[in-house]
Structures are given as structure tokens and as C-alpha cells.
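Here are the chains, one letter per residue:
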Amino acid sequence: MDETDDIGSNRSTAPDIGTVISRRAALLGGLAALAAREAGASAAGTGLGFTPLAHLMSPEDAVATGHRREVVLRWGDPVLPGAPPFDPLNQTAEAQARQFGTNVDFLALLPAERGGTTGRRALLWANHEYASTSLMFPGLGTGREARSRVTAEQAAVEMAALGGSVVEMEWRGGTWVPDPEGGLNRRITASTPMEIRGPAAGHPRMRTSEDPEGRRVLGMLCNCGGGVTPWGTVLTCEENINVFFGGEAQDEAQREARRRYNIVADPFYAWHRHVARFNLAHEPNEPNRFGWVVEVDPYDPRSTPIKRTALGRFKHEGAASALTPDGRVAIYMGDDERFEYIYRFVSARPFDPAHPDSNRHLLDEGTLSVARFEADGTVHWLPLVHGEGPLTEANGFGSQAEVLIETRRAADLLGATPMDRPEDVEANLASGRVYALLTNNSRRAAERVDPANPRGPNPHGHVIEMVPPGVPERPDHAAPVMRWNLFLRGGRPEAEAGAEYHRAANGEGNWLSCPDNCAFDGKGRIWIATDGAGPAAGMADGLFAAETEGEARALPRLFYRAPIGAEVCGPVIEAGERSILLAVQHPGEASGSSFDRPATRWPDFAEGMPPRASVVVITREDDGPIG
Ligand code: FEO
Ligand code: CA
Ligand code: CA
């Protein structure tokens, strides 16, 4: 999928809100140091007891011995009342808008009731990132020609298959089971009405013929990683929005602004030929209304999702929350494209657990910053504030709205460090450290490496660890300067001779490729989901676990292996490690694979049934803690 850099992809950790709050209390109470010591102790021993899976490719998936996995939600499963059974040969937009969408990326498991805990009932949030057109409809074949044959009806099905789902879940028979009758169940699609808020709302460049105020927009696109706020809403992030807009730009200024976001006349999808607002000749400003972080209240199916422009416009991957010592909310974000940046937003006001209403629009005011990594081991967060430094009228920035609409260009001027495709950036609440997953960069030349991106080309990616001042007791996630180090490099060590691996002890089995999303368990161990290993490493993607402390630090062990063509994303680790939820996205997406001749028919393996992106739940056979 070279046209898009990475249209396939992924998400972030989402501890339930009860966990977030209790871990915050632990941090503020000084208990984190104890947790960190425990983590170190377990790492030195055999904290991760499972036998790693072999690195190979198969039409089937696999999980480590002693564990079981259930496929609990598949593309096309009923979500809303009246949803028909999935019928791949007779798809309609109406049916799809009531069924589970496709290509799940970010997952969050939330308490069934706001402010509660997950016990026997919960709410599942799932992003639906994009449509695997060739695998979705019969008779299209593969490649660019397949997409050129997409009809208006098929484009409408694709639009209904994107967005997100809320599904009530019940813990039954030792796993999570969806409740298709759940009263909070919801589908959000590429056509759902949304509000635009924050500094860019209402700006002339946000206005269209359908929305002369620049404050209402239909739908969200290519939602990849995400996050959960301390107040229990979901942050779902628009990533490769460029693939949906086509047609000719109307003047050079528009062309230049689009170039920075890779918006081209002949895009990946055919929507612009069927739906006027995706055609730049009709609506030159429509792309400016996408590429944002969207906040959704999963507890109110009638609520209007809100695009939070204060968090910037780019190819958003992930929006992980962490609280600062004074209670403000820091949100870490990646911009997933080659040579793009890592960002952080810090709210102006603190989170107020006692007054939920005061948190409602907390994300409309704050400071967005971008990261510059220095060779001396420091990372500097550079504020993107209109009027400061180069972000002035002289450089074409007339207001903060314009800084945010063109976040990338503003970050260029500040001298941010171009990274190897930033995916998830997540805070480990047990240690206060922050991990940035750099998935790969095929275009980094050997002469263009830097200390934070030390390989050119970089087919396997790496993981950077950032250490805020004050860890572990009171990590300052608003600090202007942190320390950083190279935590893990992807790739098979013996095949990368001379690559100066972080871990000299890396051996067969202790490696991964193309890190994308991560989550942390209660002991502070990192669980890394990968996307793209297949072509680069000759192995399927998977979920890997590694210690973050002790002798086994940064030695990944393969725990779950995806079916061929799929990435793994959205890891959610339940408190106590009762279960892990994963998204298995774009199974069967491989060269020459199509609806009629798929590389796998996972998970149904039924003749005529295409591969179906799904949510899986992993538990231990003896019902003990995972891993
Ligand atoms: Fe959609 Fe950045 O992976
Ligand atoms: Ca990815
Ligand atoms: Ca991703």
C-alpha cells in the first residue's frame, strides 16, 4: 500500500477509566516506585512465563501455549437493531451502517457505566480505519484497477464500513461476548454529523458550501490509533485522510498546502468520483476538515462527536493521556508518515474528577508542542503558538487556527526532528516513562540518519523511551525537556550484522519488526503490536511482550501471531491481566489477494466468505493472568 505510506494500521493502549484513575492515585501516592521495583524484580526472574511462538507466516492465527483466543466480533456482525446477517454478495450501505465496520484498529474497553469498573459488563469502542476494497467486493480484482471499478453503491458501502462502533459486551463463559441488543450500541460512519471545535472552528479555510460556518462536518476518516481520556471519552484519530480526496486543486496556494499532506488528484479511493464533497474541484476546503482528533462520548449514543482542532491537523496516530503533577492532561500523538513528527498537547486547565461537566471541553484550550531529539539525550518540546518564533504572518500564519490547519508546516519551521513514521506514543503508568513506536522508514537514506533515527534505510523500525523529570513518583508530562534513549530496534539481529543492537543478547526469537501500537500491563511490561513485518521480515505480524526493566528489558517474545496479511492493533490489557483484546486488521491483504482468491479466509474459513477483520479476546486456559 505504498500510495498511502500506511493505510493499514492501528491504535493505542486503553486502560479502562477505573484503571486510569486508580493508577493515577497510585502515582500521586508514591506507590509507583513500589510498582517499578516489583516490575524490575519480575523481569530479572521469569515474569513472562510463556513460550514464544515461532516467526512464520500462515493462513491461520496462533496464540502462545496455555492460552485461548476467541473471535468475538467480525466485519458485518450485527451491532444495531434490524441489522441483517452479513451477506458478502449482497452488501448495501444501509446494512453496513447497522453492522460492525471493517478493518478495526484502536480498541478501548470501558466500564459499562460511566465512572464504574469493568466486571461483567463493559463497552467496547472500535475504530474502523479503512476499506480493503479488493477483498471486500467480488469481481474487482486487485490493485489500482480494482479501485477504478468501484461503483457509487460500493463507495457508499465503504463509507458505511468506516468510522467506529460502540458495542456492549458481557463477560460470559470466560470471555467477552458482544450484546447485539445493547442499548448503547452505536455505529459512526464517514457520514455521521460531527461538530468542529477549538481554535480552527469557523475559520474561512474550514468552510464549505454545505457548512458556511465551518463548524459542522460529516464523518471521520481513516481512524487509526486512539486513546481514552481520564473522564471516560474516546479519542479517535484521523490518519491517512489524503487517500479519500481527489480532483484538481484550484490555485497554487491550495496545491502547496495539499502537497504537505500528500493530497493528490488521483487518490487511493474512488469516492471523489461519486461524492462531490470529496472532489477538490467542488469543495477545496473539505480536506481541511479532516486529519483531527475526534472526541466521542460512548455513554450517549445520541451525542455529537467533536473534532478537537487544538490538537493539530496531521496523520494522527494515537492520543494517549497522562496526567501532569498539577492535574492537567498531556496527550501524546504521532504523525504517521515518513519523516513526520511526534507531538504533545497539554491542556490549559486541570482535569476535575469531581465535576465531570468542567472536563467536557478541556481539550479546546492548551498548548500543542512538537518534539526535537538532541544527540545529548534530551528531547525538547517546542510549542506551536501563533506569534511565537517563526509562526507569524510573515510566514503565512495569520492566526492559531492557521498554525493548526497547517500543523506540519509550522512544525517544519520550528526545527522538529523528522522521525521514522511515528505510530503510538504511550505513557507507561507504572514507571512514568513514555514510549514512541517508530514503525519503519524505507526512504531514510544512510546519510540522513540522526541519533533518534539511527538506521537508513530502516525497514524494521525502533522504539524510543522518553523519561520525563520526576519519574516514577511524579512524572512531569508537561515538562519542556525530557531525557530519551533507544529502547529497542526491530529486525532479526543475526541478519543485521554491525547494526549495533541495543541488546547484545538479542537472539533467535527475541525480535520483532514494525512496531505500531503498545499497551502496558500492571507490572509495567510493554506489549507491542506490529504492522508490516510480512514484507520486511518474512514473518506475520503479531503481539509481542517485553520487560521494560531488568535483564530481560527490551527482549520481545511473540505471544500472538496474526493470519497472513493482517496487522495486529488495538491491544487492550484488562486490569489483573484477565484478558487481552486485539484487533486483527486487513487479514489476507497480500500481493495478488482478492475477494475471489484471498490469501486466507480467516476467521471463518468458509467457501465464498472473504477474510474478515475482527476483534479477538485472549484468555488463559486456567483463567489465570495472561503471560
Ligand atoms: Fe494506521 Fe499509523 O497506522
Ligand atoms: Ca501502521
Ligand atoms: Ca497504526
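Residues numbered from 1 in each chain as written. Chains lettered and ligands numbered in written order. Predicted model: local features only at pLDDT ≥ 70, side-chain atom pairs only at ≥ 80, totals over all residues. Heavy atoms only, no water.

Draft legend 1. Broad picture of the overall build of the protein chain. When helices and strands are counted, the protein chain shows 11 helices and 31 strands. Overall, the C-alpha framework of the protein chain stretches about 60 × 60 × 55 Å when taken along its three principal axes. Counting every position in the protein chain, which comprises 627 residues, the buried fraction comes to 64%. A separation of at least 24 residues holds for 67% of the contacts in the protein chain among residues at least 6 apart in sequence. On the protein chain, roughly 20600 Å² of surface is accessible, and the fraction owed to carbon and sulfur atoms is 51%. Of the side chains in the protein chain, 63 bear a positive and 85 a negative charge, and the two mean positions are spaced by 1 Å. (Helix = DSSP H or I, 4+ residues; strand = E, 2+ residues; numbered from the N terminus. Buried < 20%, exposed > 50% of the residue type's maximum accessible area, 1.4 Å probe, protein only. Contact = heavy atoms within 4.5 Å. Areas by Shrake-Rupley, 256 points an atom, 1.4 Å probe, with all protein chains shown as cover. Lys, Arg positive; Asp, Glu negative; His and termini not counted. Charge placed at Lys NZ, Arg CZ, Asp CG, Glu CD.)

Draft legend 2. Representation of the packing of aromatic side chains. If you walk through the whole model with that rule in mind, you get 19 aromatic pairs. When the centroid spacing of 4.9 Å and the interplanar angle of 10 degrees are considered together, the rings of F244 and Y269 count as stacked. Here the residue F244 occupies a position in the loop between strand 11 (234-238) and helix 7 (252-259), and Y269 occupies one in the loop between helix 7 and helix 8 (271-274), the gap between them amounting to 25 residues. Across this residue pair, the class does not change: F244 and Y269 are buried. With centroids separated by 5.0 Å and ring planes inclined at 65 degrees, the aromatic side chains of F268 and Y269 adopt a geometry described as edge-to-face. In this pair, the class of F268 matches that of Y269, namely buried. (Phe/Tyr/Trp six-rings, centres within 6.5 Å; stacked < 30°, edge-to-face > 60°.)

Draft legend 3. Summary view of the sheet that holds strand 30 (residues 580-585). Taken in spatial order, the 4 strands line up as 2-31-30-29 in an open sheet, and their pairing is antiparallel. At either margin of the open sheet sits one strand with a lone partner, and together these are strand 2 (67-74) and strand 29 (567-573). Each strand of the sheet is rotated relative to its neighbour by a mean of 25 degrees, with strand direction disregarded. (Pairing = 2+ DSSP bridges. Axes fitted to C-alpha atoms, helices over the stretch in contact; angles between N-to-C directions.)

Draft legend 4. Region of interest: the side chain of E158. Within the fold, E158 resides in helix 6 (residues 152-161). Comment: no salt bridge for buried E158; closest opposite-charge side chain is R147, at 8.1 Å. Setting aside chain neighbours within four positions, we find E158 in contact with A131, T133, M136, F137, V150, Y269 and W271. (Salt bridge = Lys/Arg side-chain N within 4 Å of Asp/Glu carboxyl O.)

Draft legend 5. Structural detail: the pairing of strand 11. Of all the 5 residues making up strand 11, 5 are buried; the element is thus mostly covered by neighbouring parts of the structure. Side chains V234, T236 and E238 of strand 11 all project onto a buried face; the interleaved residues L235 and C237 project onto the opposite face, where all are buried too. Bridge analysis of strand 10 (residues 223-228) against strand 11 gives 4 bridges, and the strand direction is antiparallel. In the strand pairing of strand 11, G226 is matched with T236. Joining the antiparallel neighbours strand 10 and strand 11 is a turn of 5 residues, in which G232 adopts a positive phi near 90 degrees. Direction of pairing for strand 11 relative to strand 12 (residues 293-296): antiparallel, over a ladder of 4 bridges. Looking at strand 12, one finds that C237 is bridged to V293.

Draft legend 6. Up close: helix 10 (residues 407-414). Buried residues of helix 10: T407, R408, A410, A411 and L414, and no others. For helix 10, the angular spread of the buried residues around the axis is 160 degrees, confining them to a single face. Packing partners of the buried residues in helix 10 comprise strand 15 (328-335), strand 16 (338-340), strand 17 (342-350), strand 18 (366-373), strand 19 (378-383) and helix 9 (400-405). (Arc of directions from axis to C-beta.)

Draft legend 7. Inspection of the pattern of salt bridges at higher detail. If you walk through the whole model with that rule in mind, you get 41 salt bridges. The residue R308 makes a salt bridge to E295 at a minimum N-O spacing of 2.8 Å. On the criterion of sequence distance, the pair formed by R308 in strand 13 (residues 306-308) and E295 in strand 12 is long-range, its members being 13 residues apart. On the basis of relative accessibility, which here comes to 1%, the residue R308 falls in the buried class.

Draft legend 8. Fine view of the layout of surface pockets. Size it by volume and the second largest pocket reaches roughly 500 Å³. Lining the second largest pocket are 24 residues, and of these R114, W231, T233, D297 and R360 lie nearest its centre. Going through the elements one at a time, helix 1 (17-28), strand 12 and strand 13 are the ones with two or more residues in the lining of the second largest pocket. For the lining of the second largest pocket, the per-class residue count stands at 9 nonpolar, 7 polar and 8 charged. Counting the residues that make up the lining of the second largest pocket, at least three belong to each of domain 1 (1-38 + 315-489) and domain 3 (103-313). (1 Å grid on protein atoms, 1.4 Å probe; cavity = no way out; pocket = protein on both sides within 12 Å on 5 of 7 lines; lining within 4 Å. Points joined across faces, edges and corners; volume = space filled by probe spheres on them. Nonpolar A, V, L, I, M, F, W, Y, C, P; charged D, E, K, R; others polar. Domains from an automatic or database assignment.)

Draft legend 9. The confidence of the model for the protein chain, seen in detail. The pLDDT averaged across the protein chain works out to 90; a share of 90% of its residues lies at or above 70. Here residues 1-5 is a poorly scored stretch, pLDDT under 50, and it has 17 contacts once near neighbours within four places are set aside; other chains count. Note that residues 8-46 has pLDDT below 50 and, in this model, 119 contacts with residues that lie over four places away or in other chains. (pLDDT = per-residue confidence, 0-100.)

Draft legend 10. Local environment of the sheet that holds strand 22 (residues 434-438). Here we have 9 strands laid out as an open sheet, ordered 14-15-17-18-19-24-23-22-21, and antiparallel in their pairing. Only two strands of the sheet have a single neighbouring strand rather than two, namely strand 14 (316-323) and strand 21 (422-427). Along the sheet, successive strands turn relative to each other by an average axial angle of 30 degrees, direction set aside. Pairing analysis gives 5 bridges linking strand 18 to strand 19, with the strands arranged antiparallel. The partner of R372 across the bridge, within strand 19, is H380.

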